[in-house]
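In case you want the letters, here they are:
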Amino acid sequence: MVRLSSSRFFTVVSSTVSLVFFISTLNILRYDEHEDTTESKANIAVKSKRDVSSIIKEETYFEPLPNTNWTLFDVRRGKQGSGKREIIGVDNDLDPSSWDNLHEIIPSDRNRSSLSHIVIYNRVPKCASSTMIALIKLLTVRNSFNFISSQIYWRQVLRPADEVNLVKFLRRHSKPLVFDRHFYSLDWSRHELQANLINMVREPMDRIVSQFYYLRSDKRWSWRKNKPPTDWFEKDFDTCVLEGDAECQIGGGGQDMQMTYFCGSNIECSNSSSHRALQMAKYNVEYRYSTVGVMEQFNTSLVVLENHLPGFFGGASELMTSIKSSQRNKNPHPKPKEEVKKIMQERMKLDLEFYEFVKQRLALQYKTLNIKDDIS
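Please read these numbers as outputs of a predicted model, since none were measured by experiment.

Participant: For this particular structure, what's the right way to read helix α11 (residues 298-308)?
Facilitator: With 9 of 11 residues buried, α11 lies mostly within the body of the structure. Turning to α11, its buried residues are F298, T300, S301, L302, V303, V304, L305, E306 and H308. Close packing links the buried residues of α11 with α3 (129-143), β8 (196-201), β9 (289-294), α12 (310-313), α13 (316-319) and α15 (349-367).

Quick look at the structure:
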């Protein structure tokens, strides 16, 4: 179930546009989703293996991390789920094994934008999303559209019923709208909803390390009574990797891959060794996304967004100067050892290939704009 609370607003005040911006926050609403408390009564077998390719037909659950009763899902959420088990993926209609067009996907310079009044930003964590949200809030003033930001930061997997509820919610909006939430992509055409899709990616190693330390940051836990054990907070990334800790595995119930956000909620999409999942993610980026930016090339990404979706992102580059440093999510942390990098690069091989694919596509899209200045 979803509920839009019209009495609660995001208020963002800039020193140069304080009065206008206060009025404009009427366009920035909050999207509150109630957790689905429906439990399946079926006796579903619980699987814990990393290789999820052999269990496509069954739901798979997050399991507790070593020496704790907290799962990685609980950690992302910031609290334990009162006994409810959370799934890693489902066997839904976005099944890569059923696609006929998973041939070699070549990135192109095509602009896949449509005339839809809806922009969906299924944002990947730790990919400049705090900066993007601050920018979108400013753009609501300039370009007169609504912005709805989901308050669900932890549940990326969508069951079929969740997809239906989300589509129903979006259909209620007839005015220009940007909607954001952390969730895995879905086949919007199957629901007959036309929307412009955007996202941002980051160098995979940097993203995983940043997320590892962000989950342990004081600002997430200082006010909470119930926390993971001290040993978990004191764990460093190098030790996590070298000791084979489940938290530093890739895919499944470990660290999520960027490509899963573009592949979907199907359990195979979380398999770090599935080339079909990689091809599905590439396919969706190439044929369904208007723009997928790259954090390391943020200015270039904004220029492409401005040109592909001017009704929403027109003036984005100019407004970036209004973003205060306090609105950018900073997360200082130590860098991993070279030994650890090599191990992780092998584990993240497909996610690294996906990242390079997105970079190539962005470069091609930017090149067609014939902008002479190097702004990357």
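Participant: Honestly, the pairing of strand β7 (residues 177-180) in this entry has me stumped. Any pointers?
Facilitator: A two-sided burial pattern is seen for β7, the buried positions comprising L177 and F179 on one face and V178 and D180 on the other. In terms of strand pairing, strand β5 (residues 118-121) meets β7 through 4 bridges, oriented parallel. Bridge pairing in β7 places Y121 opposite D180. Judged from the 4 bridges that link them, strand β6 (residues 146-150) and β7 form a sheet pairing that is parallel. Across the sheet, the residue bridging to S149 is D180, located in β7.

Participant: When you look at the nonpolar core in this model, what are you seeing that I'm missing?
Facilitator: L170, W188, F237, F262 and F313 are the most contacted members of the largest nonpolar core, which totals 87 residues. The residues touching W188, leaving out its near neighbours within four places in the chain, are I120, L166, V167, L170, F183, L193 and L197. Formed by 7 residues, the second largest nonpolar core is a distinct cluster that contains W70, V75, L215 and W221.

Participant: In this structure, what is going on with the state of the cysteines? I would like to understand it.
Facilitator: Think of a disulfide as a covalent bridge from one cysteine sulfur atom to another cysteine sulfur atom. Under the criterion given, the structure shown has 2 disulfides. Residue C240 pairs covalently with C248 via a disulfide, S to S 2.0 Å. Taking the sign of the S-S torsion, about 115° here, the bridge from C240 to C248 comes out right-handed. The same class applies to C240 and to C248, which are both buried. Each sulfur in the disulfide pair C263 and C269 lies 2.0 Å from the other. Here the disulfide of C263 and C269 is left-handed, its torsion about the S-S bond being about -65°. Exposure class is identical for C263 and C269. Each is buried. Each bonded cysteine of the protein gets a number by its place in the sequence, and the pairs then read 1-2, 3-4.

Participant: I would appreciate a short explanation of unusual backbone geometry in the present structure.
Facilitator: Among all residues except glycine, the phi angle is most often negative; among peptide bonds, the trans geometry is most common. Here A128, not a glycine, exhibits a phi torsion of approximately 65°, which is positive. Along the chain, the position of A128 falls in the loop between β5 and α3. Positive phi, close to 55°, is recorded for E192, a residue that is not glycine. Relative to the helices and strands, E192 resides in the loop between β7 and β8. Of the residues examined, E192 reaches a relative accessible area of 68% and is grouped as exposed.

Participant: Can you walk me through the packing of aromatic side chains in this structure?
Facilitator: The relative placement of two aromatic rings is captured by the distance of their centres and the angle of their planes. Under the criterion given, the structure shown has 14 aromatic pairs. Plain terms: the ring middles of Y184 and Y261 are 4.8 Å apart, the flat faces sit at 80° to each other, and that makes the pair edge-to-face. A residue pair is termed long-range when its members are at least 10 positions apart, and Y184 in the loop between β7 and β8 and Y261 in helix α9 (residues 260-263) qualify at 77 residues. Residue Y184 is classed as buried on the basis of its relative accessible area, which comes to 7%. A relative accessible area of 0% means that Y261 is categorised as buried. Note on W221 and F233: the rings are 5.6 Å apart at their centroids and 90° apart in plane angle, and the pair reads as edge-to-face. Of this pair, W221 sits in helix α6 (residues 218-221) while F233 sits in helix α7 (residues 230-234), placing them 12 residues apart in sequence. Here the guanidinium or amino end of K126 rests over the ring plane of Y214, the centre of that ring lying 3.9 Å away. Over the face of the ring belonging to F212 we find R216, whose NZ or CZ atom lies 3.8 Å from the ring centre.

Here is what the cut-offs are and how they apply
Note that residues are indexed from 1 along each chain, following the sequence as it is written. Where totals are concerned, whole chains, interfaces and linings use all residues; where local detail is concerned, this predicted model gives features only for residues with pLDDT of at least 70, and gives and counts side-chain atom pairs only at 80 or more. Working from all heavy atoms in the structure, the side-chain values ignore hydrogens and water. Accessible area is worked out with a 1.4 Å probe on protein chains only. A residue is then buried under 20% of its type maximum, exposed over 50%, and partly exposed in between. Helix and strand labels come from DSSP, where a helix needs a run of H or I of at least four residues and a strand needs a run of E of at least two; each type is numbered from the N terminus. The criterion used for residue contact is that any of the two residues' heavy atoms lie within 4.5 Å. Being paired, for any two strands, means DSSP has found at least two bridges between them. Nonpolar cores are built from buried Ala, Val, Leu, Ile, Met, Phe, Trp, Tyr and Cys residues. Side-chain atoms within 4.5 Å join them into one set. When two cysteine sulfur atoms lie within 2.5 Å, the pair is treated as a disulfide. Only Phe, Tyr and Trp rings take part, Trp by its six-membered ring, and two of them pair if their centres are within 6.5 Å. Stacked means planes under 30 degrees apart, edge-to-face means over 60, and tilted covers everything else. Lysine NZ or arginine CZ positioned within 6 Å of the ring centre and within 35 degrees of the ring normal marks a charge as sitting over the ring.

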